[in-house]
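Understanding the architecture of this molecule
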Amino acid sequence: IDAALAAQVRATLGQALAAAADYEQALPMLEQGVDLKRRNMQSGSALAVGAAYTLATKGMLLGDRVDLEAAHACLQQALSLVGGTGHQVESSVLGWNTTVLLWQGRWQDAIDNKALAAATRFTLVW
């Protein structure tokens, strides 16, 4: 089986399970997807939007479980992959980051983060 396809299948399944709030099954799929994506990433390759979105989903899941330190670490990793690019996934990552900041009660940080999302080419509608 193609390694990139295997990574994408695991990541997508993890994202779907997270959206269904089946966190127990989602977390290992997200972790495997990110791990496989990292192992298969070529130096100088195209923007790693799939890995960024998977990390953001994992960050949201961890934030919802109130593991805020781990959530922020995932979201920062995701932003390191797409931050400042103007790619639509950047807005998604910033949106999840805003949500986790709100859950934490960090109101001003959430407002500032939302402003970053609004400044990207593809803005969030919420």
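Structure first, text after, so check above.
A brief structural summary. Note that residues are indexed from 1 along each chain, following the sequence as it is written. Confidence filtering applies because this is a predicted model: local features only for residues at pLDDT of at least 70, side-chain atom pairs given and counted only at 80 or more, and all residues used for totals across whole chains, interfaces and linings. To get the side-chain values, all heavy atoms of the structure are used, and hydrogens and water are removed first.

1. Here we look at the side chain of His72
Definition in use: Strands are runs of DSSP state E lasting at least two residues, helices are runs of H or I lasting at least four, and both sets are numbered from the N terminus onward. Here the term buried applies to any residue with accessible area under 20% of the maximum for its type, exposed to any over 50%, and partly exposed to those in between, with areas from a 1.4 Å probe on protein chains only. Whenever two N or O atoms come within 3.5 Å, that pair is a polar contact, provided that in protein one can donate a hydrogen and the other can accept it, and provided that, for residues adjacent in sequence, both atoms are side-chain atoms. Here, two residues are considered to be in contact whenever any of their heavy atoms come within 4.5 Å of each other.
Following the sequence through the fold, His72 ends up in helix 4 (residues 68-82). Classification of His72 as buried rests on a relative accessible area of 15%. In this structure the side chain of His72 is engaged in a polar contact, spanning 3.5 Å, whose partner is the side chain of Arg106. Those residues within four positions of His72 in sequence are excluded, and the remaining contacts are Asn97, Val100, Leu101, Gln104 and Arg106.

2. Concerning the nonpolar core
Let me state the cut-off plainly: We define the nonpolar core as a collection of buried residues of types Ala, Val, Leu, Ile, Met, Phe, Trp, Tyr and Cys that are connected through side-chain atoms lying within 4.5 Å of one another.
By size, the foremost hydrophobic cluster in this structure holds 26 residues, and its most contacted members are Leu61, Leu62, Ala78 and Val93. Of all elements in the fold, only helix 1 (3-19), helix 2 (23-40), helix 3 (49-64), helix 4 and helix 5 (88-103) reach the threshold of two or more residues within this core. The greatest single-element share of this core, amounting to seven residues, is contributed by helix 4. The residues contacting Leu62, other than those within four sequence positions of it, are Leu27, Asp67, Ala70, Ala71 and Cys74.

3. Notes on the packing of helix 1 against helix 3
Helix packing for two helices is described by the angle between their axes and how far apart those axes are. Here is the rule: For helices, the fitted line uses only the C-alpha atoms of the stretch in contact; every axis is such a line through C-alpha atoms, and the angle between N-to-C directions lies from 0 to 180 degrees. The scheme is simple: roughly parallel for angles under 35 degrees, roughly antiparallel for over 145, roughly perpendicular for 65 to 115, oblique for anything else. The sense of a crossing depends on the near helix, which, turned anticlockwise from the far helix by less than a right angle, makes the crossing left-handed and, turned clockwise, makes it right-handed.
For the pair helix 1 and helix 3, the least separation of the axes is 10 Å and the interaxial angle reads 30°. If you check the angle between helix 1 and helix 3, you find them roughly parallel. Relative to helix 3, the crossing made by helix 1 is left-handed. Only Tyr53, Thr54, Thr57, Met60 and Leu61 of helix 3 make contact with helix 1, whose side of the interface consists of Ala11, Gln15 and Ala18.

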